[in-house]
Amino acid sequence: MKLLENKVLVVTGAARGIGRAIAMRAAQEGANVAFSDIKEDENFLSLLDELMKYNINAKGYVSDASKHNESQQFIEQVVKDFGKIDILVNNAGITRDALLMRMTEEQWDLVINVNLKSVFNLTKAVQMYMLKQKSGSIINISSVVGVGGNAGQANYAASKAGIIGFTKSVAKELGSRNVRCNAIAPGFIETDMTKSLPEDIVKGWYEKIPMKRGGLPEEVANVVVFLGSDLASYITGQVISVCGGMQM
Ligand code: NAI
């Protein structure tokens, strides 16, 4: 039996990067996959094509995770289409880096809304269904930057630290109903988000990583599979780093 057989997994911001790897790994493990992204581009459509090859149910939804009502409607539609939700992965995230001295209110608000408010929006929308079925796993993608901070990323670090506080609180609220909530703190993962960084900055990061390389999106997705599966049935309120030892 595959690890996520008969489970329905929802993942936000999945057209590319870590979200895409999560959708693909979940499908490989037998999950039915509902994914969202902000637009139906080439990546979005090709993900749907690839998921379909796994003999599972898969559907993509255009939905902005930072919008409260839109997120509620997205989750309601997924329940109509799939019948239930077992695993929610709050993955959608962006960066708008600047030193605090130059950071605008717009950069602050955008990052907090997309990275942190989205987690509130989606978790609030699924909790009713998970409480009723007395099971569920919510997995929030934070960052090592949320734990340790990073110069030039005060907005991003605040959003990712906020996710950790939210995760631990939700774990305490929902644990008695067998709904688990955990966070993953990836380190430097090779995706479009990190591709845009200058080569010397990337080299500097690698130097600080005990494993001397960036991580692959699939290496984050493997932890999502574990936390979403029944193998993690007694794990809640935790932050698991996937960072090649960068944060100990
Ligand atoms: P990415 O930029 O490659 O992909 C992000 C996806 O989210 C894109 O498909 C984008 O269209 C979508 N998205 C953006 N705003 C959205 C919104 N409002 N609603 C729905 N979808 C939206 O990023 P990556 O690297 O795959 O990151 C995924 C998550 O992992 C993010 O939360 C990020 O902060 C986190 N992370 C990434 C790390 C890295 O090194 N790449 C390290 C630590 C955390």
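See the structure shown above.
Residues numbered from 1 in each chain as written. Predicted model: local features only at pLDDT ≥ 70, side-chain atom pairs only at ≥ 80, totals over all residues. Heavy atoms only, no water.

Judged by nonpolar contacts, the single largest core of 34 residues is most densely connected at Leu-9, Val-11, Ile-22, Val-33, Leu-51, Val-89 and Ile-184. When contributions to this core are tallied by element, the ones reaching two or more residues are β1 (8-11), α1 (17-28), β2 (32-37), α2 (42-52), β4 (87-90), β5 (136-141) and α9 (217-228). Here this core gets seven residues from one element, more than from any other, and that element is α1. Each residue touching Val-11, except ones within four places of it in the same chain, is listed here: Gly-19, Ile-22, Ala-23, Ala-34, Phe-35, Ser-36, Val-89 and Asn-91. By size, the runner-up hydrophobic cluster in this structure holds 24 residues, among which are Ala-65, Phe-74, Leu-122 and Val-170. (Core = buried A, V, L, I, M, F, W, Y, C linked by side-chain atoms within 4.5 Å. Buried < 20%, exposed > 50% of the residue type's maximum accessible area, 1.4 Å probe, protein only. Helix = DSSP H or I, 4+ residues; strand = E, 2+ residues; numbered from the N terminus. Contact = heavy atoms within 4.5 Å.)

Under the 1.5 Å per step criterion, the end-to-end length of helix α6 (residues 154-174) is 30 Å for 21 residues, consistent within 8% with the ideal 30 Å. Buried within α6 are the following residues: Asn-155, Tyr-156, Ala-157, Ser-159, Lys-160, Ile-163, Ile-164, Thr-167, Val-170, Ala-171 and Leu-174. Against the buried residues of α6 lie α4 (105-133), β5, α5 (144-148), β6 (179-186), α7 (192-195) and β7 (239-242). (Expected span 1.5 Å × (residues − 1).)

Here we take up the sheet that holds strand β3 (residues 58-62). An order of β3-β2-β1-β4-β5-β6-β7 is seen for the seven strands of this open sheet, with the pairing classed as parallel. A single partner strand is all that each edge strand has here, and the edge strands are β3 and β7. Across the sheet, the mean angle from the axis of one strand to that of its neighbour is 20°, orientation sign disregarded. Relative to β7, β6 runs parallel, the two sharing four bridges. Its bridge partner lying in β7, Pro-186 is registered against Val-242. (Pairing = 2+ DSSP bridges. Axes fitted to C-alpha atoms, helices over the stretch in contact; angles between N-to-C directions.)

Keep in mind these numbers describe shape, not what the thing actually does.
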